[in-house]
Amino acid sequence: MNKSMKMWMTAAILLCGACLAGCGNKNTNEQLSATKGMENAQVEAQATENQVPEPVAWENAINDYMVNVIGKNYAEAEYCIPCSFIVSTDDGNKDDILVWGDFWVFNYNLSGDTLKTVSGGDHPGLMHLKKVGNGYEISNFEVVEDGAGNLESAERIFGDKFDSFQEVNGLVEKREDMRLRLVSDYVKKHGLSATMLQDYGWPAVALPL
């Protein structure tokens, strides 16, 4: 398929190193200079190691927005977990980075070993991100309308990416698989006791290990 859902993956971070070579006839100043160069290289390597790749920083900003802005519009629960499916991105303008996607958010309560869905929903559209300090924030969110204006607004917002959006939006089984994986990651990260997830009116399903 020439049109498929793009999954963000953490970029590999290359570490720089420095070797202090030689011996013998170096004078003290030369040795100090070489040592200082090695220390500077180590600092630079540490800074590179700690730097968050831009796509990950974008995703962090989107997740934060989904939890703290969108998620708060739904019935409150103990845990709010976003689930974003990215259709396309455009970082040609660093002051207005564009991320088209199908953005979901779910609120859960923990009952025993089961996260039970309380509320949530789908918010497809276009996120506009801007650089703030070492990260990003959402400056605008163009949301696909509900009801009668749904199709027209989706075509306008996604433009030549509309077919890709429809494909992503229609992959129900893959979306649920990804949702389970994201919830499982959240459970592990926050040390929750949940091993199952249950939507209202549906049987509980096991979270992937």
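What counts and how
- Residues numbered from 1 in each chain as written.
- Predicted model: local features only at pLDDT ≥ 70, side-chain atom pairs only at ≥ 80, totals over all residues.
- Heavy atoms only, no water.
- 1 Å grid on protein atoms, 1.4 Å probe; cavity = no way out; pocket = protein on both sides within 12 Å on 5 of 7 lines; lining within 4 Å.
- Points joined across faces, edges and corners; volume = space filled by probe spheres on them.
- Helix = DSSP H or I, 4+ residues; strand = E, 2+ residues; numbered from the N terminus.
- Nonpolar A, V, L, I, M, F, W, Y, C, P; charged D, E, K, R; others polar.
- pLDDT = per-residue confidence, 0-100.
- Contact = heavy atoms within 4.5 Å.
- Expected span 1.5 Å × (residues − 1).
- Buried < 20%, exposed > 50% of the residue type's maximum accessible area, 1.4 Å probe, protein only.
- Pairing = 2+ DSSP bridges.

Notes on the layout of surface pockets
Line of reasoning, step 1. In this structure, the second largest pocket occupies an estimated 200 Å³ of space.
Line of reasoning, step 2. Around the second largest pocket, the lining residues are Glu 176, Asp 177, Arg 179, Leu 180, Leu 197, Gln 198, Asp 199, Trp 202, Pro 203 and Val 205.
Line of reasoning, step 3. Ranked by residues supplied to the lining of the second largest pocket, first place goes to helix H5 (residues 172–190) with four residues.
Line of reasoning, step 4. Here the lining of the second largest pocket is composed, by residue class, of five nonpolar, one polar and four charged.

Notes on the confidence of the model for the chain
Line of reasoning, step 1. Averaged over all residues, the pLDDT of the chain is 81; the fraction at 70 or higher stands at 75%.
Line of reasoning, step 2. Contacts from residues 1–49, a stretch scored under 50 in pLDDT, to residues over four places away or in other chains number 39 contacts.

As for H5
Line of reasoning, step 1. Here H5 is 19 residues long and its end C-alpha atoms lie 27 Å apart, about the 27 Å a rise of 1.5 Å per residue gives.
Line of reasoning, step 2. By the burial criterion, the buried members of H5 are Arg 175, Met 178, Arg 179, Leu 180, Val 183, Ser 184, Tyr 186 and Val 187.
Line of reasoning, step 3. Against the buried residues of H5 lie strand E1 (79–90), strand E2 (97–111), strand E3 (114–132), helix H4 (162–170), strand E5 (196–198) and strand E6 (205–206).

Remarks on the pairing of E1
Line of reasoning, step 1. Counted residue by residue, E1 has ten buried out of twelve residues, so it is predominantly covered.
Line of reasoning, step 2. Sheet analysis places E1 next to E2, joined by eleven bridges and oriented antiparallel. Within E2, the position partnered with Ser 84 by the bridge is Phe 103.
Line of reasoning, step 3. Hairpin remark: E1 followed by E2, antiparallel, with six residues in the connecting loop.

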